[in-house]
Amino acid sequence: MTTSLEELKRRAAECIEASSERLGELSREIWSRPELAYEERQAHGAMTRFFTSCPSPPEEEVWLVQRSYKLETAFRADWQWDGYAAEAGQRKKPPPPLLRLGFLCEYDALPGIGHACGHNLIAEVGAAAALGLKGALESLRRSGPAAGLLRQVPAVKISVLGTPAEEGGAGKAVLIKSDAFNNLDVVFMAHPFQEDLSYMPAMANNHLTVQYYGKASHAAAYLWEGVNALDAAVLAYNNLSVLRQQIKPTWRLHGIIKRGGEKPNVIPSCTELEFYLRTPLLKELPILKEKAESCFRAAALATGCKVEFKRKYSDYYNVLRNECLEQTFTENGKKLGMHFSDKDILSGSSGSTDFGNVSYVVPGIHPYFYIGSEALNHTEEFTRAAGSDAAQKYALHTAKALAMTALDVIFRPGLLEQVQEDFRRAKSMSPEV
Ligand SMILES: [Zn+2]
Ligand SMILES: [Zn+2]
């Protein structure tokens, strides 16, 4: 009997299919109780229960689960196999180096509209892909080195990382600072969308909170005694609107006046604006920040207010491409019936994701997948689609394609080196600032 890479991929897919009911339940449980960034306690519970209660064949190790891993609502589940070298015909000490593969799960929702970005499906796909890969490797361990074609199996560690707060909290940036990504060689995740795409540009993003402080006074009786913080906010908003005419077409700046005063007959003494500043490349972001900050300062000067800049969260980085992984994922996905769009994705509009920060520290892939609906992300229609039965088929296809891509990285000679080379090249073209 021989074991080929294609056979292993088939086993990974079967393993995911065999767990489809549990995976669907996991997704629905997260979807039905939407929680905001850093408050995903129920989702954290559902995910960690899922991995601690994973049925394993006799004599196989279970997942080692760490609850509240570095953040209250983050988790980590690890499984490791020491591999074998078939020449010796025996299992032996792990052949160096240990290959460490990560699968990322998001599970936060949006205020008011629930899982309108479908992060419940990201959680499901990450869990399913890790399950499929583990199942394929376990089957190889059971069949042993004599199985044939796969004569050398490196030591492999699979880590599932639950990463909270993608929608605005930069959870992955916090985890990176806590060294959660230090011991990973390649990471995988996938995001629900209107179509299958192996890559879509995601911009660098600076989340800026600005406060103006003036002086309250009666707005009719003693107006000359007041210093109007709302005037500062309005001028700043207008300054930024004018600036918008002079920035590159690919840059974005948009915001709201979050606090504009308390009562019409009191000159506002404190106001607050929230703005997102976005550029396609991280190195362009400081230029836009400087221009925007000048607009905010000018408004303070004009009104006599004091201005304060607050940075609650880390910047989001743009997503670095890894074309080798994209191509491998596309090949696997097509065999499973995924339909990848051939439109020019690079000119399309996009948002931002904290996976961008991850893409600067470890090679990885963040493809998008169709969920059976044309609904746009961040709408109520998308929320319904993300919780529908129809989405399950597409989520499982995506998970299978990710698991198969991970098997390619493990077993296809030279692929890992190519992935690492793509990572180095992309990083050198978009340096951190
Ligand atoms: Zn979103
Ligand atoms: Zn999202």
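Being a predicted model, the structure only gives us computed values, none of them experimental.

*Asks:* Give a detailed account of the coordination of the zinc ion (ligand 1), specifying residues and quantitative values.
*Replies:* Only Cys 117 (SG), Glu 167 (OE) and His 378 (NE2) from the protein coordinate the zinc ion (ligand 1), and they sit 2.0 to 2.3 Å from it. Mapped onto the sequence, the residues coordinating the zinc ion (ligand 1) show the spacing C-x49-E-x210-H. Between the zinc ion (ligand 1) and the zinc ion (ligand 2), the interatomic distance is 3.1 Å, and Cys 117 donates to each metal, bridging them. Taken as a pair, Cys 117 in the loop between β4 (99–105) and α4 (119–143) and His 378 in the loop between β14 (368–370) and α10 (380–386) lie far apart in primary sequence, 261 residues in all. Owing to a relative accessible area of 39%, His 378 belongs among the partly exposed residues under this scheme.

*Asks:* Kindly report on the domain arrangement of the protein chain, identifying the contributing residues and their values.
*Replies:* In terms of domain boundaries, the protein chain breaks down into domain 1 (5–202 + 316–429) and domain 2 (204–310). The straight-line distance from the C-alpha centre of domain 1 to that of domain 2 is 40 Å. In terms of surface lost to domain 2, no three residues of domain 1 exceed Tyr 316, Asn 318 and Ser 352, which account for 55% of the buried area on that side. Here domain 1 and domain 2 share zero salt bridges between them. For the side of domain 1 that touches domain 2, the residue count by class is five nonpolar, four polar and no charged.

*Asks:* So what's going on with the environment of Gly 414? Which residues, and what values?
*Replies:* As for its placement among the helices and strands, Gly 414 is situated in the loop between α11 (390–411) and α12 (415–429). Note on Gly 414: relative accessible area 39%, which makes it partly exposed. For Gly 414 and Thr 398, which are 16 residues apart along the polypeptide, the C-alpha to C-alpha distance reads 24 Å.

*Asks:* Could you give an account of the packing of aromatic side chains, naming the residues involved and the relevant values?
*Replies:* Taken as a whole and judged by the stated rule, the model has 14 aromatic pairs. Arranged with centres 5.3 Å apart and planes meeting at 80°, the rings of Phe 50 and Phe 51 form a pair that is edge-to-face. Using a relative accessible area of 5% as the deciding quantity, one classes Phe 50 as buried. Following the ring pairs from residue to residue traces out a cluster consisting of Phe 50, Phe 51, Trp 63, Phe 75 and Tyr 107. Over the ring of Phe 50 we find Arg 22; its NZ or CZ atom is 4.2 Å from the centre of that ring.

*Asks:* Outline the coordination of the zinc ion (ligand 2), listing residues and values.
*Replies:* For the zinc ion (ligand 2), the full set of protein donor atoms is Cys 117 (SG), His 119 (NE2) and His 191 (NE2), and the range of their distances to it is 2.1 to 2.3 Å. Along the chain, the residues donating to the zinc ion (ligand 2) fall in the pattern C-x1-H-x71-H.

*Asks:* Residues and numbers for the pairing of β4, please.
*Replies:* Burial runs high along β4: six of the seven residues are buried. Across seven bridges, β4 lies against strand β6 (residues 156–162) in parallel orientation. Of the residues in β6, the one forming a bridge with Cys 105 is Gly 162. For β4 and strand β7 (residues 186–188), the ladder comprises three bridges, and the chain directions are parallel. Directly across from Gly 102, in β7, lies its bridge partner Val 187.

*Asks:* Give a description of the sheet that holds β6 that names residues and reports values.
*Replies:* Spatially, β1-β2-β6-β4-β7-β13 is the arrangement adopted by the six strands of the open sheet, whose pairing is mixed. Only two strands of the sheet have a single neighbouring strand rather than two, namely β1 (64–66) and β13 (364–365). Contacts from helix α3 (residues 41–52) reach β1, β2 (75–81), β4 and β6 within the one sheet, and its direction differs from that of β2 by about 20°.

*Asks:* Could you give an account of helix α8 (residues 323–335), with specific residues and numbers?
*Replies:* In an α-helix there are 3.6 residues to a turn, and that puts residues three or four apart on one side. Compared with the 18 Å implied by 1.5 Å per residue over 13 residues, the 18 Å span of α8 between its first and last C-alpha is a close match. Looking at the buried side of α8, the elements it contacts are α1 (5–18), β7, β13, α11 and α12. Backbone geometry just after α8 places Gly 337 at a positive phi near 100°.

*Asks:* How would you summarise the side chain of Asp 185 if you had to cite specific residues and measurements?
*Replies:* Along the chain, the position of Asp 185 falls in the loop between α5 (171–177) and β7. Setting aside residues no more than four positions away along its own chain, Asp 185 makes contact with Leu 98, Leu 99, Arg 100, Val 362 and Pro 363.

*Asks:* Can you explain the packing of helix α2 (residues 20–32) against α3? Please cite residues and give values.
*Replies:* It is at 9 Å that the axes of α2 and α3 come closest, and there the two elements cross at 165°. Between α2 and α3, the angle falls in the class roughly antiparallel. Every pair of crossing elements has a handedness; the one defined by α2 and α3 is right-handed. Across the interface between the two elements, Arg 22, Leu 23, Leu 26, Glu 29 and Ile 30 from α2 touch Ala 43, Ala 46, Met 47, Arg 49 and Phe 50 from α3.

How each quantity is defined
- Residues numbered from 1 in each chain as written.
- Chains lettered and ligands numbered in written order.
- Predicted model: local features only at pLDDT ≥ 70, side-chain atom pairs only at ≥ 80, totals over all residues.
- Heavy atoms only, no water.
- Donors = N, O, S within 2.8 Å, 3.2 Å for Na, K, Ca; no water.
- Helix = DSSP H or I, 4+ residues; strand = E, 2+ residues; numbered from the N terminus.
- Buried < 20%, exposed > 50% of the residue type's maximum accessible area, 1.4 Å probe, protein only.
- Domains from an automatic or database assignment.
- Buried area = accessible area lost by both parts, 1.4 Å probe.
- Salt bridge = Lys/Arg side-chain N within 4 Å of Asp/Glu carboxyl O.
- Nonpolar A, V, L, I, M, F, W, Y, C, P; charged D, E, K, R; others polar.
- Phe/Tyr/Trp six-rings, centres within 6.5 Å; stacked < 30°, edge-to-face > 60°.
- Lys NZ or Arg CZ within 6 Å of the ring centre and 35° of its normal.
- Pairing = 2+ DSSP bridges.
- Contact = heavy atoms within 4.5 Å.
- Axes fitted to C-alpha atoms, helices over the stretch in contact; angles between N-to-C directions.
- Expected span 1.5 Å × (residues − 1).
- Parallel < 35°, antiparallel > 145°, perpendicular 65-115°, else oblique.
- Left-handed = near helix turned anticlockwise from the far one by under 90°.

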